[in-house]
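Letter by letter, the chains look like this.
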Amino acid sequence: MKKLLIPIDFSENSTKALAYAAEIANESGHELDLIHIFKGHDHIYANALSGDELVDPQIGLAKRELTKLTKVLHEKYPSLITNFFFSDGNLFEEISRQTASTKYDAIIMGTKGSSGLESIFIGSNTYNVLLNTRTPVLALPISVEHVKKDKVGLLCNFKDSEIDVLKQALPLFGIDYELVLIHINADDSPIQDIDDKFKNWIDRIAKETGIDNISYVIKPKSYYIHQSDTISNSIVNVIIDEGIEVILITKSKKSIFRKMLDENIVKNMAYQINIPKFFAKVLPVTK
């Protein structure tokens, strides 16, 4: 069964993430696993399903609150399947444990504030989830109300890892959208050479993913100078100019994302990009 994992702390950002996940699940057929993690709890209650007897009053209260949240969703999406899980401890460690025992197509996490990934980059535990989990993370700004995916962006440098990330995004977003490939011409290559690369690259993407509505944007070297504000702002400007509604980001060592991490500008970029961000880790090839 296809599954999505949604951490719930009953804040507005996490409940909006749940509503977004339910909208995806209604179209894709995913089950939703809701996990509530207690902090400073005296006892550990892991994987307590909704049908189990709950003794601890904190878990009972959390179960009642989750039931209220999901009741509204079940009325809207009668076929939706939701499961409750409870755990005690550190967010990163408990999510890592949950994803190790169950395969998920993504972790969907709400973020604080309308400015973007505030909670991910300020909250070290959540940041650890984003950087280190092998499960893709879909980070949602609180301002996002509904699933919009007419235009999906991908930071592109003609790496195999980018096709891997597209494949990981297919269970959530399918193929019915315009894929916009964003390339920064960091080495000042002739435009004709880049156009030729894109022709072959687009053919390969279409063959391997089934996505056939693909366009691309090339930005000059001036967009990629070693000044943190310029790099982040340039990417934000492309996203705004192109009307991109979801951005896919590759978490590989050679990706633009990792380059920005090295230059310590991810937080700056995150505050400005006010659309869903799908972070996927590229796993090493096993022989």
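One structure accompanies this document, and this report is about it. (Residues numbered from 1 in each chain as written. Predicted model: local features only at pLDDT ≥ 70, side-chain atom pairs only at ≥ 80, totals over all residues. Heavy atoms only, no water.)

1. Section: the overall build of the chain
Item 1. When helices and strands are tallied, the chain shows 10 helices and 10 strands.
Item 2. Put simply, the chain has 287 residues, and 50% of those count as buried.
Item 3. Contacts spanning at least 24 positions in sequence make up 81% of the contacts within the chain whose residues lie at least 6 apart.
Item 4. Surface summary for the chain: the accessible area is close to 13,700 Å², and the carbon and sulfur share equals 49%. (Helix = DSSP H or I, 4+ residues; strand = E, 2+ residues; numbered from the N terminus. Buried < 20%, exposed > 50% of the residue type's maximum accessible area, 1.4 Å probe, protein only. Contact = heavy atoms within 4.5 Å. Areas by Shrake-Rupley, 256 points an atom, 1.4 Å probe, with all protein chains shown as cover.)

2. A short note on the pairing of strand 3 (residues 82–88)
Item 1. In terms of burial, strand 3 is a largely internal element, 7 of the 7 residues being buried.
Item 2. Direction of pairing for strand 2 (residues 31–38) relative to strand 3: parallel, over a ladder of 7 bridges. Paired with isoleucine 35 across the bridge in strand 3 is phenylalanine 85. (Pairing = 2+ DSSP bridges.)

3. Observations concerning the packing of aromatic side chains
Two aromatic rings are characterised by how far apart their centres lie and by the angle between their planes.
Item 1. According to the stated counting rule, one finds 5 aromatic pairs in the structure shown.
Item 2. Relative to phenylalanine 86, the ring of phenylalanine 38 lies with its centre 6.4 Å away and its plane at 25 degrees, an arrangement referred to as stacked. Of this pair, phenylalanine 38 sits in strand 2 while phenylalanine 86 sits in strand 3, and the two are 48 residues apart along the sequence. For the pair phenylalanine 38 and phenylalanine 86, one class covers both residues: buried.
Item 3. With a centroid separation of 6.1 Å and an interplanar angle of 80 degrees, the aromatic rings of phenylalanine 173 and phenylalanine 278 are classed as edge-to-face. Of this pair, phenylalanine 173 sits in helix 6 (residues 160–173) while phenylalanine 278 sits in strand 10 (residues 277–280), and the two are 105 residues apart along the sequence. Considered together, phenylalanine 173 and phenylalanine 278 belong to a single accessibility category, that of buried residues.
Item 4. Members of the aromatic cluster, joined through ring pairs, are Phe158, Phe198, Trp201 and Tyr216. (Phe/Tyr/Trp six-rings, centres within 6.5 Å; stacked < 30°, edge-to-face > 60°.)

4. Details of the sheet that holds strand 9 (residues 246–250)
Item 1. In spatial order, the strands read 3-2-1-4-5-10-9-6-7-8; together these 10 strands make up an open sheet with mixed pairing. Each edge of the sheet is formed by a strand with only one pairing partner; in this case those strands are strand 3 and strand 8 (214–219). Each strand axis lies, on average, 25 degrees off the axis of its neighbour in the sheet, ignoring direction.
Item 2. Here helix 3 (residues 91–101) sits on the sheet in contact with strand 1 (3–7), strand 2, strand 3 and strand 4 (106–110), set at roughly 145 degrees to strand 2.
Item 3. Along the sheet face, helix 7 (residues 191–209) touches strand 7 (178–184) and strand 8 and points at about 150 degrees away from the line of strand 8. (Axes fitted to C-alpha atoms, helices over the stretch in contact; angles between N-to-C directions.)

5. Focus on the environment of leucine 166
Item 1. Assignment of secondary structure puts leucine 166 in helix 6.
Item 2. Through-space distance from the C-alpha of leucine 166 to that of isoleucine 211 is 9.3 Å; in sequence the pair is 45 residues apart.
Item 3. Excluding its chain neighbours within four sequence positions, the residues that come into contact with leucine 166 are Leu154, Leu179, Ile205, Thr209, Ile211 and Leu248.

6. Quick word on the side chain of threonine 99
Item 1. Mapped onto the fold, threonine 99 is located in helix 3.
Item 2. The exposure class assigned to threonine 99 is buried, which follows from its relative accessible area of 15%.
Item 3. A distance of 3.1 Å separates the side chain of threonine 99 from the backbone oxygen of serine 96, its partner in a polar contact.
Item 4. Ignoring anything within four residues of it in the chain, the contact list for threonine 99 reads Leu5, Tyr104, Ile107, Thr133 and Thr135. (Polar contact = N/O pair within 3.5 Å; in protein donor to acceptor, adjacent residues only side chain to side chain.)

7. Things to note about the environment of asparagine 13
Item 1. Here asparagine 13 lies in helix 1 (residues 12–28).
Item 2. The class of asparagine 13 is buried, set by a relative accessible area of 11%.
Item 3. Here the side chain of asparagine 13 touches serine 11 through a polar contact of 2.7 Å, side chain to side chain.

8. A short note on the pairing of strand 1
Item 1. With 5 of 5 residues buried, strand 1 lies mostly within the body of the structure.
Item 2. Here strand 1 shows no split at all, with Lys3, Leu5 and Pro7 on one side and Leu4 and Ile6 on the other all buried.
Item 3. Pairing of strand 1 with strand 2 involves 5 bridges; the strand directions are parallel. Pairing of leucine 5 across the sheet is with aspartate 33, part of strand 2.

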